[in-house]
2 protein chains.
Amino acid sequence: MRASERAYAALRSDIIEWRLTPGTVLGEVELSERLGVSRTPIREALAKLSAEGLAQPQSGRGVVVSEISLDHLDELFELRSALECRAAELAAQRGDPAVFRVLHEQLANAGELLTSEDPTRHDYYQLVAELDTAVDAAVGNHYLNQALKNLRVHLVRVRRLSQDNPARLRDAAREHAAIALAIANGNSAVASAATTVHLDYSLRHLLGTAAKELPQLRFPPAKGSS
Amino acid sequence: MRASERAYAALRSDIIEWRLTPGTVLGEVELSERLGVSRTPIREALAKLSAEGLAQPQSGRGVVVSEISLDHLDELFELRSALECRAAELAAQRGDPAVFRVLHEQLANAGELLTSEDPTRHDYYQLVAELDTAVDAAVGNHYLNQALKNLRVHLVRVRRLSQDNPARLRDAAREHAAIALAIANGNSAVASAATTVHLDYSLRHLLGTAAKELPQLRFPPAKGSS
DNA sequence: CCTGCGTTCTTTGTATACACTGATGGCACG
DNA sequence: CGTGCCATCAGTGTATACAAAGAACGCAGG
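Because the structure is a prediction, the values reported are computed rather than measured.

### Quick look at the protein's contact with DNA strand D
Item 1. Arg43 of chain A together with Arg2, Ala3, Ser38 and Thr40 of chain B are the nearest of the 17 residues found near DNA strand D.
Item 2. Sugar and phosphate atoms constitute 55% of the interface atoms of DNA strand D, taking the interface as everything within 4 Å of the protein.
Item 3. Within the side chain of Arg39 of chain A, a nitrogen or oxygen atom sits 2.9 Å from a base nitrogen of DNA strand D.
Item 4. Taking Ser38 of chain B, its main chain carries an N or O atom lying 2.7 Å from a phosphate oxygen of DNA strand D.
Item 5. Listed by contribution, the elements that provide at least two residues to the surface near DNA strand D are helix H2 (28–35) and helix H3 (39–52) of chain A together with helix H1 (3–16) and helix H3 (39–52) of chain B.
Item 6. With three residues, the single largest contributor to the surface near DNA strand D is H3 of chain B.
Item 7. For the surface near DNA strand D, the class distribution of residues is four nonpolar, six polar and seven charged.

### A closer look at the interface of chain A and chain B
The extent of an interface is frequently quoted as the accessible surface area lost upon association of the parts.
Item 1. Taken together, the contact between chain A and chain B spans 23 residues of the former and 23 residues of the latter.
Item 2. Across the chain A to chain B interface the summed buried area is about 2100 Å²; carbon plus sulfur atoms make up 54%.
Item 3. Run the count over chain A and chain B and you get four salt bridges.
Item 4. Where Glu78 of chain B meets Arg94 of chain A, a salt bridge forms, and the shortest distance between an N and an O atom there is 2.2 Å.
Item 5. Connecting chain A to chain B are 12 residue pairs in polar contact (both at pLDDT 80 or more).
Item 6. Broken down by secondary-structure element, the contributors of at least two residues to the side of chain A that touches chain B are H3, helix H4 (70–94) and helix H8 (142–159) of chain A.
Item 7. Ranked by the residues each element gives to the side of chain A that touches chain B, the list is headed by H4 of chain A, at 12 residues.
Item 8. When the residues that make up the side of chain A that touches chain B are grouped by side-chain class, the tally is 11 nonpolar, six polar and six charged.

### Considering the protein's contact with DNA strand C
Item 1. Close contacts around DNA strand C come from 17 residues, with Arg2, Ala3, Ser38 and Thr40 of chain A together with Arg43 of chain B the closest.
Item 2. Near the protein, within 4 Å, the atoms of DNA strand C are sugar or phosphate in 53% of cases.
Item 3. For DNA strand C, a phosphate oxygen lies 3.4 Å from a polar atom in the backbone of Glu28 of chain B.
Item 4. Residue assignment for the surface near DNA strand C shows that the elements contributing at least two residues are helix H1 (3–16) and H3 of chain A together with H3 of chain B.
Item 5. In terms of residue count, the dominant contributor to the surface near DNA strand C is H3 of chain A (three residues).
Item 6. Here the residues of the surface near DNA strand C sort into four nonpolar, six polar and seven charged.

### Things to note about the nonpolar core
Item 1. In terms of nonpolar packing, the biggest core is built from 96 residues, with Leu83 and Phe100 of chain A together with Leu83 and Phe100 of chain B touching the most fellow members.
Item 2. Other than its neighbours up to four places away in sequence, Leu83 of chain A contacts Leu144, Ala147, Leu148 and Leu151 of chain A together with Leu79 and Leu83 of chain B.

### A word on the sheet that holds strand E2 (residues 55–57) of chain A
All names here are of chain A.
Item 1. With antiparallel pairing, three strands are arranged side by side in an open sheet as E1-E3-E2. Edge positions in the sheet fall to strand E1 (25–26) and E2, since each has one partner strand and no second.
Item 2. Inspection of the sheet shows E2 paired to strand E3 (residues 63–65) by three bridges, in the antiparallel sense. Considered in E3, the bridge of Gln56 is made with Val64.
Item 3. Sitting on the sheet, H3 is in contact with E1, E2 and E3, with an inclination near 105° to E2.

### Section: the side chain of Thr195 of chain A
Residues and elements named next belong to chain A.
Item 1. The topology assignment puts Thr195 in helix H10 (residues 188–213).
Item 2. A polar contact of 2.8 Å, which involves the side chain of Thr195, links it to the backbone oxygen of Ala191.
Item 3. Setting aside chain neighbours within four positions, we find Thr195 in contact with Glu84, Cys85, Ala88 and Ile179.

### Topic: the pattern of salt bridges
Residues and elements named next belong to chain A.
Item 1. Throughout the structure, instances matching the rule amount to 32 salt bridges over all chains.
Item 2. Of the charged contacts in the structure, one is a salt bridge between Asp136 and Arg152, with a shortest N-O distance of 3.2 Å. A residue pair is termed long-range when its members are at least 10 positions apart, and Asp136 in helix H7 (residues 122–139) and Arg152 in helix H8 qualify at 16 residues.
Item 3. In this structure, a network of salt bridges that share partners links the residues Asp14, Glu17, Arg19 and Arg34.

### Points about the confidence of the model for chain A
Residues and elements named next belong to chain A.
Item 1. When pLDDT is averaged across chain A, the result is 90; 92% of the residues are at 70 or more.
Item 2. At the level of individual helices and strands, chain A shows its lowest average pLDDT in helix H6 (residues 111–114), which scores 81, and its highest in helix H5 (residues 97–108), which scores 97.
Item 3. Considering only residues more than four positions removed or in separate chains, one finds that residues 218–226, a stretch of pLDDT under 50, has four contacts.

### Points about the packing of H7 of chain A against H8 of chain A
All names here are of chain A.
Item 1. Direction vectors running N to C along H7 and H8 enclose 155°, while the axes themselves pass 10 Å from each other. If you check the angle between H7 and H8, you find them roughly antiparallel. Contacts from Asp132, Asp136 and Val139 in H7 reach Leu144, Asn145, Leu148 and Arg152 in H8.
Item 2. For the contact of H7 with H8, a count of residues per class yields three nonpolar, one polar and three charged.

### Some details on the domain arrangement of chain A
Residue and element names in this part refer to chain A.
Item 1. Entries for chain A in the domain assignment read domain 1 (3–67) and domain 2 (70–214).
Item 2. Taken together, the 12 residues of domain 1 in the interface contact seven residues of domain 2.
Item 3. Across the interface of domain 1 and domain 2, roughly 850 Å² is buried in total on both sides, 60% from carbon and sulfur atoms.
Item 4. The three residues of domain 1 that bury the most area against domain 2 are Ile16, Trp18 and Glu52, which together make up 52% of that side's buried surface.
Item 5. Linking domain 1 with domain 2 are zero salt bridges.
Item 6. The tally of links from domain 1 across to domain 2 stands at three residue pairs in polar contact (both at pLDDT 80 or more).
Item 7. At three residues, H1 tops the list of elements feeding residues into the side of domain 1 that touches domain 2.

About the thresholds
- Residues numbered from 1 in each chain as written.
- Chains lettered and ligands numbered in written order.
- Predicted model: local features only at pLDDT ≥ 70, side-chain atom pairs only at ≥ 80, totals over all residues.
- Heavy atoms only, no water.
- Near = heavy atom within 4 Å.
- Polar contact = N/O pair within 3.5 Å; in protein donor to acceptor, adjacent residues only side chain to side chain.
- Helix = DSSP H or I, 4+ residues; strand = E, 2+ residues; numbered from the N terminus.
- Nonpolar A, V, L, I, M, F, W, Y, C, P; charged D, E, K, R; others polar.
- Contact = heavy atoms within 4.5 Å.
- Buried area = accessible area lost by both parts, 1.4 Å probe.
- Salt bridge = Lys/Arg side-chain N within 4 Å of Asp/Glu carboxyl O.
- Core = buried A, V, L, I, M, F, W, Y, C linked by side-chain atoms within 4.5 Å.
- Buried < 20%, exposed > 50% of the residue type's maximum accessible area, 1.4 Å probe, protein only.
- Pairing = 2+ DSSP bridges.
- Axes fitted to C-alpha atoms, helices over the stretch in contact; angles between N-to-C directions.
- pLDDT = per-residue confidence, 0-100.
- Parallel < 35°, antiparallel > 145°, perpendicular 65-115°, else oblique.
- Domains from an automatic or database assignment.

Given below as structure tokens:
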């Protein structure tokens, strides 16, 4: 694999998983030493991260990990709602009902997946991801899918602000099942509405749980101040 | 100004204004010679263009100007509709009515701007751009604005496929005026509906006029085949 | 004549040296 | 003691040399 890709992937996951906190300065020389590659691929990786919005060029001098906070949650979900509601509508018009009927079945029974011992809820999240993938495929719109993909990066990042409790996940599965059912029925109005409802619940839950965690996530202003 | 920025700006406008046609191979050495800079800033520019979707990495070997055609028009307008309808809704809820009342007035009288001698319709397009800016400001959502900004690049590019005739511009001005009025009235449902209507007319017009021009825009497959 | 392999060549990927710019700290002057 | 200027320096911006990988072409064998 190319060194620039490795550097990009490493930095990307570091930022998304909060090992690199907002405001952290990403110095080229420091990173090139830490990752064991020269500055050239590092620059390429930083450019990609900046384009993605995970980092920002700092007024000519270096790039820093971009800020993200509860304020951004509202904005993020506004965009998410715009994109996912429309995607759900279009999927209802264009999708193969059989595919979404199957997904509906699985999601309706997703409670079983949550009783397992896996603390990462891998099977559960995979199933939800499959719904997203199916919607994307049914919509068949490159530009819309690209916009959603860009958005999801930030969603993953902000999701780390909260913990997912089983009760919420069970509810979320039901909401997803409702969306899948509406799409299977070819009912775009309901699909859109169900998506709106689901996103509202999700946002409220995130705001509720994140508020408890946030204090400990307030960092020192980027570079060690004694 | 930095060399990488100059290279980026030059290539970007070359692509948007169809001086570089889809499928054109963007070789690093060739570009570095043509633009008089070394390969390093060229690489940076190409990375930015790829992130924007104006160019695409060609399976390991170089990047090419990305394709855009009438098929993409549908997809582009689907995303545009999703974003702009929601933006209009939010602007209706949050915008300063006075601002949009003024814009409504100006747009209602935009017919006067079209009688002028300027063939580029500078004043007209500036007024429309002001509406976009006002909506963006009223929405106040960084992520939504960013998504719209990314989208508009492609819209400008595809717009070059068609010519704008005065009759259509006059109608478009009325449609824009209707949107501005709905926002000024704080009526989000009407603002969204008016946007939907406007985009539908625009798309139909583009498809209608572009069809005539497209044949002459079918290029040889990238590299001269005898 | 077609097919498969090997060589060569073009083009990108990476490393590194150098230039330049903006910041920071100290020193001198008011 | 405060302020402003200058020097030093850290760190990015650019150029270029070298390495590696993929593609195209030609040649040989069937």
